[in-house]
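# Observations on chain architecture
Residue-level listing of the chains:
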Amino acid sequence: MFEIIAAIVGAIVGVSGVTIINQRRGVTGAQKAAGVLAKAKNEAGDILLKAKDEALKQAERAKKEESERRKELQKAEDRAATREASLDKKIESLDERAEGLRRSEDEVEELKEEIRTIRTKQQEKLEKIAKLKTKEAAEKLMQMTERDIRADMVGLINKLQNEAIEDAEERAQTILVSAMERMASEVTAERTVTALKLADEEMKGRIIGKEGRNIQALQRATGVDILVDDTPGMIILSSFDPIRRQVARVALELLMKDGRIHPARIEEVVEKARKTLDKEIERAGEDAAREVGVVGIPKELLRLLGELKYRTSYGQNVLKHSTEMAHIAGLIAEEIGADVRTVKYAALLHDIGKALTHKVEGKHHHIGGELARKYGVPEPIAHAIEAHHDDVEATTPEALIIRVVDALSAARPGARNISAENFVERMRELENVATTFKGVDKAYAISAGREIRVIVKPQSIDDLSAIKLARDIATKIESTMQYPGTIKVNVIRETRAIEFAK
């Protein structure tokens, strides 16, 4: 609409401009101007009419749109009013429900209080009838439950123990039998010689020498006590150090063979015997390592290993015991999948501390573990050496193998020399340890001291206590007795019912 008005104004301005120009040009242009003006008026009238029509149309369209907007606003107001009414109804309903819940809570609380009162009255009546307080009744119930659970526990423990024993024994027997079948060694080991046989009685006098000079020189040079007693054809070499004792034996053999026995010659021969023995010790250690197939052992440890050739334990040669253990341990390791080199290495050196027990304070397995670590032996091997007795826990399969094989090698028949008196004394001590416990009726040491059977009084010891008693007896045996291998503690509890038919 504004565009049309602007066009009309422009036309009028244009006509006015033309008129002015024509006036300036003279009377001749007046006629032309009049014609143009008339034409412009006609056009302006047409444009004005069109503008009015367009303005009417725009006004009608605006009225229509305004009417539609009012209708939509009315609908929105209606919907809002409907929602508000619905919300009011819901709020009223919620208020009613809340009031109902409050009433229900009050009723429930009243019921609870009533139940408490009834339960208290019933409990008082039950206490009067049973003549028991609540605490006493609970204790009786706990005792009954404990008896039932105890019986179930005993049955379960026995079942698990039997299953474990059956599986373990079968598996262990298979492995040990397989290993022993593949390992053959001497049953009786050599003992270190401490008595020296003489060619004749005259040799005793020559060894003693004038005013005892020869025997004194021998004792000073070797550090060994030489005992010449009334035993015909024998002299005794006494020393806590088996190496010194061996040096003295070799030196005396050389002197008796040569025939020249005097202090100067004695010193020379003792030095020669010492060098000879050093070579034998080194050779013994190397031979043992070569025999079991272990390489890389430090020279210092090989030297100490060779010294074990001249040491015995309960009459069993320690070096032979170690090499035997290495063979058996390697076979068992192959069977169960353990590290063969580790168990052979550890088995060979497990008693190496015995070469220094007279020089270093401590138990031989502790000394052996420290020596192994000192000379750079891998920790699994050092741990297996240190843990082959029970005071150090074995945490690896290899350490457990060393512990088992040590007992196996020491406990087999003929491995160790034990006198009849010592054997009887150990059996008696084993039985006495078992009979010191309360409830024990009799105890018998059987299987050459490998098992102790303990018969208990059934009225004093129940099944669960029997299990604990077996563990306590085993613990006391471990702490108070010295024995090779292991001892099985077998506690027997039985109840007999006897009646006579007449």
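What you see is a predicted model; the values in this text were computed from it and never measured.

## Thoughts on the overall build of the protein chain
When helices and strands are tallied, the protein chain shows 15 helices and eight strands. Across the protein chain, contacts joining residues at least 24 apart in sequence account for 61% of those joining residues at least 6 apart. For the protein chain, the accessible area works out to roughly 33200 Å², and carbon and sulfur atoms hold 54% of it.

## Some details on the environment of Leu254
In this structure, Leu254 sits in helix H6 (residues 242-258). The class for Leu254 is partly exposed, based on a relative accessible area of 30%. On a C-alpha basis, the gap between Leu254 and Val270 in space is 9.1 Å, while along the polypeptide they are 16 residues apart.

## Some words on the packing of aromatic side chains
Tallying each qualifying case throughout the model produces zero aromatic pairs. Over the ring of Phe437 we find Lys476, and its NZ or CZ is 5.5 Å from the ring centre.

## Here we look at the nonpolar core
A general tendency of soluble globular proteins is for nonpolar side chains to be buried together. Grouped together as the largest cluster of nonpolar side chains are 44 residues, with contacts concentrated most on Ile297, Leu305, Leu349, Ile401 and Ile402. Examining the composition of this core, we find that eight residues originate from one element, helix H9 (residues 318-336), more than from any other. In this view, Leu305 contacts Gly285, Ala288, Leu319, Leu348, Leu349 and Ile352; residues no more than four positions away in its chain are not counted. Membership of the second largest hydrophobic core comes to 27 residues, among which are Val224, Leu237, Ile243 and Leu277.

## Here's the deal with the packing of helix H7 (residues 263-292) against helix H8 (residues 299-307)
Between two packed helices, what matters for the description is the angle formed by their axes and the separation of those axes. Interaxial distance between H7 and H8 falls to 7 Å at its minimum, and their mutual angle equals 100°. One way to sum up the angle between H7 and H8 is to call them roughly perpendicular. Across from Asp278, Ile281, Ala284, Gly285, Glu286, Ala288 and Ala289 in H7, the residues of H8 making contact are Leu302, Arg303, Leu305, Gly306 and Glu307. Partitioning the contact of H7 with H8 into residue classes produces six nonpolar, two polar and four charged.

## Quick look at the sheet that holds strand S8 (residues 488-492)
Remark on secondary structure: sheet strands pair via backbone hydrogen bonds, oriented parallel or antiparallel. Across the sheet, which stays open at both edges, the three strands sit in the order S6-S7-S8 with mixed pairing between neighbours. Because the sheet does not close on itself, it has two edges, and the strands there are strand S6 (440-446) and S8. Across the sheet, the mean angle separating the axes of adjacent strands is 20° when strand polarity is ignored. Where strand S7 (residues 451-456) meets S8, five bridges bridge the pair, whose relative direction is parallel.

## Points about the sheet that holds strand S3 (residues 234-238)
Strand order in the open sheet formed by three strands is S1-S3-S2, and the pairing between neighbours is antiparallel. The open sheet is flanked by strand S1 (195-197) and strand S2 (225-227), the only strands paired with a single partner. Neighbour to neighbour, the strand axes of the sheet diverge by 25° on average, direction disregarded. Both S2 and S3 contribute to a ladder of three bridges, which runs antiparallel. When the bridges of S3 are listed, Asp225 appears paired with Ser238.

## A closer look at H6
Over its 17 residues, H6 runs 24 Å from end to end, which matches the ideal 24 Å to within 8%, given 1.5 Å per residue. All of the buried residues along H6 are Pro242, Ile243, Arg245, Gln246, Val247, Ala248, Arg249, Val250, Ala251, Leu252, Leu255 and Met256. Lining the buried residues of H6 we find S1, helix H4 (202-208), helix H5 (213-222), S3, H7 and H8.

## Some points on a positive patch on the surface
On the surface, Lys71, Lys75, Arg79 and Arg83 cluster together to form a positively charged patch. Within the fold, Arg79 resides in helix H2 (residues 28-130).

## Regarding the side chain of Ser322
Here Ser322 is to be found in helix H9. Classification of Ser322 by relative accessible area gives buried; the value is 0%. Excluding residues within four positions of it along the chain, Ser322 makes contact with Leu308, Ala347, Leu348, His350 and Asp351.

## Describing the environment of Arg213
Among the structural elements, Arg213 can be located in helix H5. Residue class for Arg213 comes out partly exposed when judged on its relative accessible area of 48%.

## Structural notes on the environment of Lys309
With respect to the element layout, Lys309 can be found in the loop between H8 and strand S4 (312-313). Under the relative-accessibility criterion, Lys309 is labelled partly exposed at 38%. Sequence spacing of Lys309 and Lys320 is 11 residues, and the spatial spacing of their C-alpha atoms is 7.4 Å.

## Let's talk about the pattern of salt bridges
Across all of its chains, the model carries 18 salt bridges by this definition. For Asp278, the salt bridge identified is with Arg303, shortest N-O distance 3.1 Å. Here Asp278, found in helix H7, pairs with Arg303, found in helix H8; they are 25 residues apart in sequence, far enough to count as distant. Assessed through its relative accessible area of 26%, Arg303 is described here as partly exposed. Arg373 is the salt-bridge partner of Glu386, the closest N and O atoms lying 3.0 Å from each other. With Glu386 in helix H12 (residues 379-386) and Arg373 in helix H11 (residues 364-374), this residue pair connects regions lying 13 residues apart in the sequence. Take Arg373: its relative accessible area is 34%, and that puts it in the partly exposed class.

## Focus: the side chain of Glu307
Within the secondary structure, Glu307 is located in helix H8. The class of Glu307 is buried, set by a relative accessible area of 10%. Those residues in contact with Glu307, other than ones at most four positions away along the chain, are Ile243, Ile281 and Ala355.

## Brief notes about the pairing of S3
A regular strand places its side chains on the two faces of the sheet in alternate fashion. Side chains Ile235 and Leu237 project from S3 onto a buried face, and the interleaved Met234, Ile236 and Ser238 project onto a face without burial. Sheet topology places S1 next to S3; three bridges connect them, and they run antiparallel. Its bridge partner lying in S3, Lys197 is registered against Met234.

Here is what the cut-offs are and how they apply
Residues numbered from 1 in each chain as written. Predicted model: local features only at pLDDT ≥ 70, side-chain atom pairs only at ≥ 80, totals over all residues. Heavy atoms only, no water. Helix = DSSP H or I, 4+ residues; strand = E, 2+ residues; numbered from the N terminus. Contact = heavy atoms within 4.5 Å. Areas by Shrake-Rupley, 256 points an atom, 1.4 Å probe, with all protein chains shown as cover. Buried < 20%, exposed > 50% of the residue type's maximum accessible area, 1.4 Å probe, protein only. Phe/Tyr/Trp six-rings, centres within 6.5 Å; stacked < 30°, edge-to-face > 60°. Lys NZ or Arg CZ within 6 Å of the ring centre and 35° of its normal. Core = buried A, V, L, I, M, F, W, Y, C linked by side-chain atoms within 4.5 Å. Axes fitted to C-alpha atoms, helices over the stretch in contact; angles between N-to-C directions. Parallel < 35°, antiparallel > 145°, perpendicular 65-115°, else oblique. Nonpolar A, V, L, I, M, F, W, Y, C, P; charged D, E, K, R; others polar. Pairing = 2+ DSSP bridges. Expected span 1.5 Å × (residues − 1). Patch = residues over 30% accessible without salt bridge, like charges linked within 9 Å, V, L, I, M, F, W, Y side chains within 5 Å. Salt bridge = Lys/Arg side-chain N within 4 Å of Asp/Glu carboxyl O. Lys, Arg positive; Asp, Glu negative; His and termini not counted. Charge placed at Lys NZ, Arg CZ, Asp CG, Glu CD.

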